[in-house]
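# What the coordinates show
Letter by letter, the chains look like this.
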Amino acid sequence: MANSGVAIYPGSFDPITNGHVDLVNRTLRVFEKVVVAIATNPDKDRSLFSVEERLQMIEEVFADTSGRVSAVSFQGLLVDYAERQGATVVIRGLRAISDFEYEFQMAMMNHRLKPKLETFFMMTGESEFYTSSRLVKEVVSLGGNVAGLVPDNVLKKLQDKFKV
Ligand code: PNS
């Protein structure tokens, strides 16, 4: 069966980890296109990487997917942006029980705002179960090694940021 449709994968991606990459690659088995969408809020942005840096890292990671993965940034409501992108499904990863409540609330709210837009959850791969952008940044900032948990280009950028 040919893949069809557009899925949107929203998040902060500060930075993208191998857990995110795994989810995008698995989504490509079902959908023709995946839009990796960085949500931005200029008023409360405490990100380590600028939006431009995050977009560039994502583009580099998916450079070999023949244009099936695009990296974008957006402001405002995800449901409105998803509609403008022609996406019918929102993808989110679930790592552990602790993710569930937050994800459930967002999915319910998005459903209320735009009932036609579905949220599909995927369990992250077992090696990414404990990986998060927040922990990766903390570990690198304290001199720890996160090789294998993030793509190589991201590892280099992290090392540059923290001068390790
Ligand atoms: O990676 P994150 O930070 O957990 O992702 C959260 C994200 C970006 C999916 C969420 O904050 C979001 O959708 N922001 C866009 C604004 C919006 O639509 N807010 C209402 C969500 S119910």
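Everything here concerns the structure above.
The present account deals with the structure reproduced in this document.

## Some details on the nonpolar core
Ile58, Ile91 and Leu158 are the most contacted members of the largest nonpolar core, which totals 30 residues. Elements with a minimum of two residues in this core: β1 (6–11), α1 (18–27), β2 (33–39), α2 (51–61), β3 (69–74), β4 (89–94), α5 (133–141) and α6 (152–162). Take this core: its biggest share by element is four residues, from α2. Contact partners of Ile91, with chain neighbours within four places excluded, come to Ala7, Ile8, Tyr9, Pro10, Leu23, Thr27, Phe31, Phe120 and Met122. In this structure, Val6, Phe74, Tyr81 and Ala87 belong to the second largest nonpolar core, which totals 13 residues.

## A short note on the site of the ligand
As a matter of local geometry, the ligand sits amid 13 residues, with Ser12, Gly76, Leu78, Arg92 and Tyr102 nearest to it. Measuring from an oxygen atom of the ligand, one finds a side-chain N or O atom of Tyr102 at 3.1 Å. For the ligand, whose free accessible area comes to 550 Å², the fraction covered by protein is 70%. Cavity membership is defined here by more than half of the atoms lying within 2 Å of grid points; on that basis the ligand lies in the largest pocket. Those elements that provide at least two residues to the shell around the ligand are β1 and α4 (97–113). Its residues assigned to classes, the shell around the ligand comprises eight nonpolar, four polar and one charged.

Cut-off values and rules
- Residues numbered from 1 in each chain as written.
- Predicted model: local features only at pLDDT ≥ 70, side-chain atom pairs only at ≥ 80, totals over all residues.
- Heavy atoms only, no water.
- Core = buried A, V, L, I, M, F, W, Y, C linked by side-chain atoms within 4.5 Å.
- Buried < 20%, exposed > 50% of the residue type's maximum accessible area, 1.4 Å probe, protein only.
- Helix = DSSP H or I, 4+ residues; strand = E, 2+ residues; numbered from the N terminus.
- Contact = heavy atoms within 4.5 Å.
- Near = heavy atom within 4 Å.
- Polar contact = N/O pair within 3.5 Å; in protein donor to acceptor, adjacent residues only side chain to side chain.
- Areas by Shrake-Rupley, 256 points an atom, 1.4 Å probe, with all protein chains shown as cover.
- 1 Å grid on protein atoms, 1.4 Å probe; cavity = no way out; pocket = protein on both sides within 12 Å on 5 of 7 lines; lining within 4 Å.
- Sits in = over half its atoms within 2 Å of the grid points.
- Nonpolar A, V, L, I, M, F, W, Y, C, P; charged D, E, K, R; others polar.

Bear in mind that shape data such as this cannot, by itself, settle questions of function.
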